[in-house]
Structure formats: C-alpha cells, structure tokens
Amino acid sequence: MIPWLRPHRAPTSDPASPASLRRRPAQLVTLAFLATIATGTALLSLPVSATGRRAGFVEALFTATSATCVTGLAVVDTETFWTPFGQVVILLLIQVGGFGVMTLASLLGLLLTRRLGLGTRLVAAESTRSVGMGDVRRVLLGVLRFTVVTELLIATVLTVRFATAYGEGLGHAAWSGLFHAVSAFNNAGFSIYSTNLMPFVADPWVCLPICAAIIVGGLGFPVLLELWRLHRSRRSEDGPSDLRRLSRWSVHTRLTVLMTAVLLTVGTVFFLAAEWRNPGTFGPLDPPAKVLAAFTQAVMPRTAGFNSVDVSQLNNGTWFFTDMLMFVGAGSGGTAGGIKVTTFAVLAVAIWAELRGDPDATVFDRRLSRGTQRQALTVALIGVAAVVLPTLAITLSTSLFTLDQVLYEVISAFSTTGLSTGITADMQPWHQVVLVCLMFLGRLGPITLGTGLAMRDRQRRYRRPEAAVVIG
C-alpha cells in the first residue's frame, strides 16, 4: 500500500480529550431528558395525580414525555383526568423541558458557585445552542431573566382577562393564566380547558398574548439575546440603536426573523382562503374573528399545539398545509421543534444556487459553508425518515384512521407541536409508544440524539478519489 494512502486509526480517546468533551454534553442532555421523563412518569402514576382511576403506565409515560418535550399531545383530558397536583407536575415538566434540563442545572451551578467549569460550559452550550462557550454565562442569565419576565407578563394579562371577562375566580384565573403562559412560551400547547382555546377563538385578549408568547419562545434564545444586545447598543448617545441596522444582525438572526415573518404571513393568508366558508371552523365567525382565527392557526403549527378551532373539522388540504408548517417548525435554540426555519432556509438557498449554477450558496452576502449545507440536508432527511416510517407502520397496522390523520399525528409528534385530529387517545398502546419516541427524538434533535448515542468518532487521514454519479 502506498504510504500516504495508509489509513491511520485515531488514538483511543482520553476521557478528558476535546473529542470526548464534545461528545459528552449531548449524552448528558439525552440522559437528563430521559431522567426527567422517568421522574414525571412516576409522579403522574401516583393515585394523587388522577381524579378517578389511577393513570396507566402508557398514559403517564405519554403525558410526561409530551410535557417534557413540550409537545402538547394528550391521551387523556388534562382538565378532567388530572388533579391539581397532576397539573402542577405537568406544568413543571413543561418548564423544565422548555428551559432545558442541562441549562437549568448549569444555571443553578452558576448561581451557587459564580463560575462554570469547561464541562458545564459545553453542556450548557449544547442545550442553548449558543455560538461559543464564552457566551454561555450571558446566555444562561439572559434565558432566565427573559423566561421569567415574559411568562409573568403573559400570565398577568391572561389572569385579568379570565377574571374580568369570563367570571372565573381570582385563584382559578391566576392558575389558568400562569399555566397557559408557561405552556405558550415553551411552545407546549397544553391547556387546562377540555376544548383548548376554542371558547376564545374571537377574543384577541386571550389569543394574541398566547400567540406573542409562542412567537417569542419560538425565535430561539440566541436570536432574542442578540436582538436585545443590539437594542441596547448605540452608535452614539443620540444615534439609533443597532437594532434598526439590519447589517449588524447576524445571518442566523436575519434568516430566523425573515422566515418566521414569511411563514406567518403565508399561513394566515392560506388559512383565511381555505377555511373562510368552512361551517366547522371559520364559517360562523365574523370577518375580524376570521382574521384572528387565521393568524392564531398560522402561529400554532410553529410547534405550539393550541387550537382555537376544531382541528378535526379542517379541510384535508388545510391538514396537509399544516403538516408542512409543523415539519418546518420555528427557530433554533428555542422551545420549538421541527427541522427549524434556518434548516429550511439553508436548503432553499442551496437549491437555488444549484439551479443557477453558482459554485457557492450565498445569503445576505455571506457564503454558506459546505458543512452547514450537509448538516441541513442531514436534519431534513432524518426528519423525513422519522415521519415516513412510523406513518407507514401505523397505517399498515390499523384501518381505523385515514392516512391524513396518521400523518398529521406523526408530524405533530416529531415536530413537538401537539396539534391533533382527535385520534391520539384512540390509538393502540404501541402506536402511542411510537409517538413517545418521536416526541423524544423531535425535542432533542436528530443530530444531538445521534451524537449522544454515538460510541466513538471516526477520523480519516486521507480522502478517496472522486466519482461522478448521474443525478436525475
């Protein structure tokens, strides 16, 4: 063998080596989520958690996974099946899952010790998707402040509305406001009302604050912290903040904000056109209420899971369009799921460059690296496989549900959205376990989960000769 072609095996990784440190955070995040789900399952299985019969194992596991993975799918009625103790457990699982188990642990360590070790910084960076380890301290504190302020603000607005407009007692209104604020900001979609947000379909004082919390939580913490930093920075004492200068925004922030605005606009227009005359959804509403309902429905597939109209009554075409919105999801590093809007944008830019014959995929005068494009393609294709295979398995094993319904549930689980056509509770137990696995995969992300489960990294010191393959 030619010497320079001889493969060299990478030396056995030392537990303290950089490669090992890079792999360990993903493993710890995975194990932490599993531990949280196990704890939630145990608590929800207690007799004190249910109002009547004790929750079965699959029911407790499904609910704990759905809450921890901030999905919102449910096999039992959250309002009537769970006691106040059970609802508190669900709320805590949502908060812990949305904030990130490892982010929360790192933050507590920071507050107690006033310092972060290298391993803790790497773990927190994995959870928050921060750009560099030097940003972790700022990200952790920023996440905590922003989460608390946003949830309390939304909870206050909802509490006042529930108490004054719907005659709820102050205690119940406060609990309902807090529960829905936490569920909305973390993009969970759990509601303590049996009909979700359907009674408030025409009420902007309920729908708009919840939508705002969902959008903000779905943008992602890196984007929010960057926008806040730009808002506070000024060119001079009397000059405008850097927030108004789009050139100061990072490419990631610009892509996230742009794609979010585009998808919300397109979604609102589509829902208006498709459901305007549907007697089961928008038909009975007046025009302003239809616009509000359309905007709300456009926000919810960003992986929130609330519904202000009966999802089972939507047109089949609307179901399919919602499938696409759920699959894309929202921003990276936030509380939303899906393949993320930046992944979708990178793929779109790469396809456009290929169609034009450009050697580089560029966006906002910046060239996207080949690694970024490969990562986007990997995430998208793993997402497609994660949707197709369970859909095929469930469809072949039962004739009770249509393909549209099964596909909707599977995408909703994988994207951690929580919207449902109403068949989740009627599925067989093993179908529900499949959805549990999808919610777990969708929350951690294909690459994070794959890295966490990988046993070793493969490194090569040579490259194979190129080969041409006919495409298309």
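Residues numbered from 1 in each chain as written. Predicted model: local features only at pLDDT ≥ 70, side-chain atom pairs only at ≥ 80, totals over all residues. Heavy atoms only, no water.

A. View of the overall build of the chain. Per the secondary structure count, the chain includes 18 helices and 2 strands. Looking at the chain alone, contacts between residues at least 24 apart form 68% of all its contacts between residues at least 6 apart. A total of about 22600 Å² of accessible surface is found on the chain, and carbon and sulfur atoms cover 64% of it. (Helix = DSSP H or I, 4+ residues; strand = E, 2+ residues; numbered from the N terminus. Contact = heavy atoms within 4.5 Å. Areas by Shrake-Rupley, 256 points an atom, 1.4 Å probe, with all protein chains shown as cover.)

B. Focus on unusual backbone geometry. The phi dihedral of K340 is positive, around 85 degrees, even though this residue is not glycine. Summarising the element assignment, K340 is placed in the loop between α13 (316-328) and α14 (341-356). For F364, which is not glycine, the phi torsion reads 50 degrees and is therefore positive. Mapped onto the secondary structure, F364 falls in the loop between β1 (362-363) and β2 (366-367).

C. Main features of the packing of helix α8 (residues 170-185) against helix α9 (residues 204-219). Between α8 and α9, the shortest axis-to-axis distance is 7 Å and the interhelical angle comes to 35 degrees. Listed contacts from α9 to H180, A184 and F185 of α8 are I210, A213, I214, V216 and G217. (Axes fitted to C-alpha atoms, helices over the stretch in contact; angles between N-to-C directions.)

D. Quick peek at the packing of helix α4 (residues 84-99) against α8. Interaxial distance between α4 and α8 falls to 9 Å at its minimum, and their mutual angle equals 30 degrees. Taken together, the axes of α4 and α8 lie roughly parallel to each other. Judged by the twist between their axes, the crossing of α4 over α8 is left-handed. From α4, Q87, V88, I90, L91, I94 and Q95 reach across to α8, where they touch W175, L178, F179, V182 and S183. (Parallel < 35°, antiparallel > 145°, perpendicular 65-115°, else oblique. Left-handed = near helix turned anticlockwise from the far one by under 90°.)

E. Region of interest: the nonpolar core. In terms of nonpolar packing, the biggest core is built from 109 residues, with I90, I94, I210, I214, M300 and F414 touching the most fellow members. I210 has contacts with L158, H180, A184, L197, M300 and F306, leaving out every residue within four places of it along the chain. (Core = buried A, V, L, I, M, F, W, Y, C linked by side-chain atoms within 4.5 Å. Buried < 20%, exposed > 50% of the residue type's maximum accessible area, 1.4 Å probe, protein only.)

F. Just a nonpolar patch on the surface, in detail. A cluster of nonpolar residues, L43, L46, V48 and F85, forms a patch on the protein surface that exposes about 300 Å² of accessible area. Relative to the assigned elements, V48 resides in the loop between α1 (18-44) and α2 (57-68). (Patch = residues over 30% accessible without salt bridge, like charges linked within 9 Å, V, L, I, M, F, W, Y side chains within 5 Å. Salt bridge = Lys/Arg side-chain N within 4 Å of Asp/Glu carboxyl O.)

G. Focus on the pattern of salt bridges. Tallied over the entire structure, the rule returns 3 salt bridges. Among the salt bridges present, the one from D203 reaches R161, with a minimum N-O distance of 3.0 Å. Of this pair, D203 sits in the loop between α8 and α9 while R161 sits in helix α7 (residues 136-165); the two residues are 42 residues apart in sequence, bridging distant segments of the chain. Two residues, R356 and D358, come together in a salt bridge whose shortest N-O distance is 3.7 Å.

H. Local environment of the side chain of T78. Among the secondary structure elements, T78 is positioned in helix α3 (residues 78-81). Leaving out residues up to four positions away in the same chain, T78 has contacts with Q87, I90, F190 and S191.

I. Structural view of the environment of H172. With respect to the secondary-structure elements, H172 resides in helix α8. By relative accessible area, H172 is classed as partly exposed at 41%. The spatial distance from the C-alpha of H172 to the C-alpha of T159 is 8.6 Å, given a sequence separation of 13 residues.

J. Quick peek at the side chain of S49. Here S49 is to be found in the loop between α1 and α2. For S49, a relative accessible area of 0% puts it in the buried group. Within the structure, the side chain of S49 is placed 2.6 Å from the backbone oxygen of L43, a separation counted as a polar contact. Look past the residues within four positions of S49 in its chain and what remains in contact with it is L43, L44, F81, W82, T83, F85 and G86. (Polar contact = N/O pair within 3.5 Å; in protein donor to acceptor, adjacent residues only side chain to side chain.)

K. Fine view of the state of the cysteines. Using the criterion set out here, one finds 0 disulfides in the structure. Free of any disulfide, C211 has its nearest neighbouring cysteine sulfur in C207, separated by 6.2 Å. A residue is classified by how much of its surface remains accessible, and C211, at 1% relative accessible area, is buried. (Disulfide = S-S within 2.5 Å.)

L. Up close: helix α16 (residues 403-414). With 12 residues, α16 should cover 16 Å at 1.5 Å per step; its first-to-last C-alpha distance of 16 Å lies within 8% of that length. Burial analysis of α16 places 10 of its 12 residues in the buried class, which makes it a mostly covered element. Along α16, the residues classified as buried are Q405, V406, L407, Y408, E409, V410, I411, S412, A413 and F414. Tucked into the core, α16 has its buried residues touching α13, α15 (370-397) and α17 (429-444). Trailing α16 by a residue or two, T416 shows a phi angle of about 50 degrees, which is positive. (Expected span 1.5 Å × (residues − 1).)

M. Region of the structure containing the packing of aromatic side chains. The tally for this structure, following the rule as stated, stands at 13 aromatic pairs. When the ring of F146 is compared with that of F185, the centres are 6.3 Å apart and the planes differ by 45 degrees; the resulting orientation is tilted. Residue F146 is located in helix α7, and its partner F185 is located in helix α8; the two are separated by 39 residues in the primary sequence. A relative accessible area of 31% places F146 in the partly exposed class. Residue F185 is classed as buried on the basis of its relative accessible area of 0%. (Phe/Tyr/Trp six-rings, centres within 6.5 Å; stacked < 30°, edge-to-face > 60°.)

N. Region of the structure containing the environment of L347. Residue placement: L347 occurs in helix α14. The sequence separation of L347 and Q373 amounts to 26 residues, and the corresponding C-alpha distance is 6.9 Å. Among all residues touching L347, those that are not within four sequence positions of it are A376, L377 and A380.

By themselves these figures say nothing about function.
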